[in-house]
Amino acid sequence: MRLRAFLVVVPAAALLLGLGAVAGLPERHPGTATFVDRPPVSTGLAASIDAYQERLRTVPGDWTTWAALGEAYLEQSRTGADPAYYPKAEGALRKSLEVRPAGNEPALAGLGALANARHDFAGAKRHAQQALVVNPYSATAYGVLADAETQLGHPAEATAAVQRMLDLKPGLSSYTRGSYDLEQHGRRTEAIALMERALEAATEPADVAFCHQHLAGLAWAAGDTATAARHVALGLAAAETTAGAAAGLWQLKARLAAAAGDLETALADLDKVVARTPTVDVLLEQAGLLRLAGRDPAPALRLARAAHQLFTANGGTDDLGAAALALAADRPGEAVDLATNEWHRRQFADVADVLSWSLLRAGRAAEAMPYARRAGALGRVDATLAYHHGMIALANGDRATARGQLRLALSLNPRFSPVDAPIAGRTLASLEP
């Protein structure tokens, strides 16, 4: 089967369409999905960084190694969820450009990937386009461009960039992006097929774990807990020696445990995630489960605020994460302002969802409805989006839409949230004739 068949069933302009790394992630909280291409290392990231540094001590004018060092620092930041590596990555990439200001595609693409990681998606797009002027056949630059266009809310452009990447360099990075693009359109079967092809192409344990994580997430989104659990187990086995790669799998394992009513196991699993990658979305999830279990969520919320501050202190922009923190602190008016700021920067589905929910929580249900529609317009299979849409419709007196969306949420995944799924069930029962 030609790769194009996965994406271009209809013209790209007609398609309605963003990892971490995890990208994309099951029940995407205010996080984003961007993909960072791994530097070509085989002996471990730390060893590669040491080798690059040693090379530059002897040949300081080696612009390609400066670019490779910057990319390695960026990968280090991703695997450890440590934004403190962002300035190091930027310094190395800009040094590469200083040594070779013209025709330096690797440094430009690297700066684009860094901008994506910092949530400067407009900047990432600009750097990717500059890299493509230098080398119109750069699959890496098209990957950076695809990530940026996805998050900016430009689905046709994102699909076109992914397709070009697939045409130029079919492989792990392009397959995973293609799968995510298809997932955004609600084309789950095709997304699974392409992620399975990515798994076949994966050789490094971290890459195998990454693919299993996303396959587990696709299964979880559709309520297929058995398949999700199988991929989680396979991914954790592959990621045994790669701590960073295991974090997303432990997060999914925690969701499966919570769905089965085992909050203690879920919290223990989330402790493993926090020990590896203490990100805002994971810590907010932990706080929610602690509250549900009758325990104090304050420590997790404090850590979440600290994680957000660390991200912004190292050049990141994340008003969406700040909006989620405001909602967790029961400050919906502040959340509306923050989510609105983020919406002005990028019209992505997750931003529309958080903005719509913030507006509802702030008592502004009529204003929330257009954003709820935008959040689900691309057809992504996501029970949380449907639940939010249904509750906002109910607040606006539209019982028919509320029934339809709540039925959709519970049919997609009847245990999508230990807090919200029971509310969805009770609300739907009250609306049934």
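The structure under discussion appears in the preceding block.
Residues numbered from 1 in each chain as written. Predicted model: local features only at pLDDT ≥ 70, side-chain atom pairs only at ≥ 80, totals over all residues. Heavy atoms only, no water.

Draft legend 1. Representation of the packing of aromatic side chains. Counted under the stated rule, the structure contains 5 aromatic pairs. Note on Tyr86 and Phe311: the rings are 6.2 Å apart at their centroids and 80° apart in plane angle, and the pair reads as edge-to-face. Taken together, the positions of Tyr86 in helix α4 (residues 85–99) and Phe311 in helix α16 (residues 298–313) put the pair 225 residues apart, joining distant regions of the chain. Under the relative-accessibility criterion, Phe311 is labelled buried at 11%. (Phe/Tyr/Trp six-rings, centres within 6.5 Å; stacked < 30°, edge-to-face > 60°. Helix = DSSP H or I, 4+ residues; strand = E, 2+ residues; numbered from the N terminus. Buried < 20%, exposed > 50% of the residue type's maximum accessible area, 1.4 Å probe, protein only.)

Draft legend 2. Quick look at the environment of Ile392. Note on placement: Ile392 falls in helix α21 (residues 383–395). Taking relative accessible area as the criterion, Ile392 reaches 0% and is therefore assigned buried. Separated by 32 residues in sequence, Ile392 and Leu360 have C-alpha atoms that sit 6.5 Å apart. When residues no more than four places from it in sequence are discounted, the contact partners of Ile392 are Ser356, Trp357, Leu360, Ala365, Ala368, Met369 and Ala372. (Contact = heavy atoms within 4.5 Å.)

Draft legend 3. View of unusual backbone geometry. For His119, which is not glycine, the phi dihedral falls at a positive 70°. Tracing the chain through its elements places His119 in the loop between α5 (105–117) and α6 (121–134). A positive phi angle is found at Asp330, which is not glycine, with a value near 60°. Tracing the backbone through its elements, the reader meets Asp330 in the loop between α17 (319–328) and α18 (332–345). When its relative accessible area of 57% is taken as the criterion, Asp330 is described as exposed.

Draft legend 4. Fine view of the packing of α21 against helix α22 (residues 399–412). Between α21 and α22, the least distance of the axes is 7 Å, while the angle of their chain directions is 160°. Relative to α22, α21 is oriented roughly antiparallel. Between α21 and α22 the crossing geometry is left-handed. Of α22, the residues touching α21 (which contributes Ala383, Ala386, Tyr387, His389, Gly390, Met391, Ala393 and Leu394) are Arg399, Thr401, Ala402, Gln405, Leu406, Leu408, Ala409 and Leu412. Residue composition of the contact of α21 with α22, by class: 11 nonpolar, 4 polar and 1 charged. (Axes fitted to C-alpha atoms, helices over the stretch in contact; angles between N-to-C directions. Parallel < 35°, antiparallel > 145°, perpendicular 65-115°, else oblique. Left-handed = near helix turned anticlockwise from the far one by under 90°. Nonpolar A, V, L, I, M, F, W, Y, C, P; charged D, E, K, R; others polar.)

Draft legend 5. Representation of the packing of α18 against helix α19 (residues 349–361) in the model. Where α18 meets α19, the axes come as close as 8 Å, and the angle between the chain directions of the two elements is 155°. Considering the angle they form, α18 stands roughly antiparallel to α19. Of the two elements, α18 crosses α19, and the hand of that crossing is left-handed. Between α18 and α19, the residues in contact are Pro332, Ala335, Val336, Ala339, Thr340, Glu342 and Trp343 and Val351, Ala352, Val354, Leu355, Ser358, Leu359 and Arg361, respectively. For the contact of α18 with α19, the residue count by class is 10 nonpolar, 2 polar and 2 charged.

Draft legend 6. Quick look at the side chain of Gln286. Along the chain, Gln286 turns up in helix α15 (residues 280–292). Taking relative accessible area as the criterion, Gln286 reaches 7% and is therefore assigned buried. If near-sequence neighbours (up to four positions away) are discounted, Gln286 is found in contact with Leu267, Leu270, Asp271, Val274 and Ala300.

Draft legend 7. Geometry of the nonpolar core. The biggest cluster of nonpolar side chains holds 52 residues, and the ones touching the most others in it are Leu69 and Leu74. Considering every element that reaches this core, the biggest residue donor is α5, with 8 residues. If we skip the residues at most four places from it in the chain, Leu69 touches Ile49, Tyr52, Gln53, Leu56 and Ala92. (Core = buried A, V, L, I, M, F, W, Y, C linked by side-chain atoms within 4.5 Å.)

Draft legend 8. Structural context of helix α8 (residues 155–168). Over its 14 residues, α8 runs 20 Å from end to end, which matches the ideal 20 Å to within 8%, given 1.5 Å per residue. All of the buried residues along α8 are Pro155, Ala158, Thr159, Ala161, Val162, Gln163, Met165 and Leu166. (Expected span 1.5 Å × (residues − 1).)

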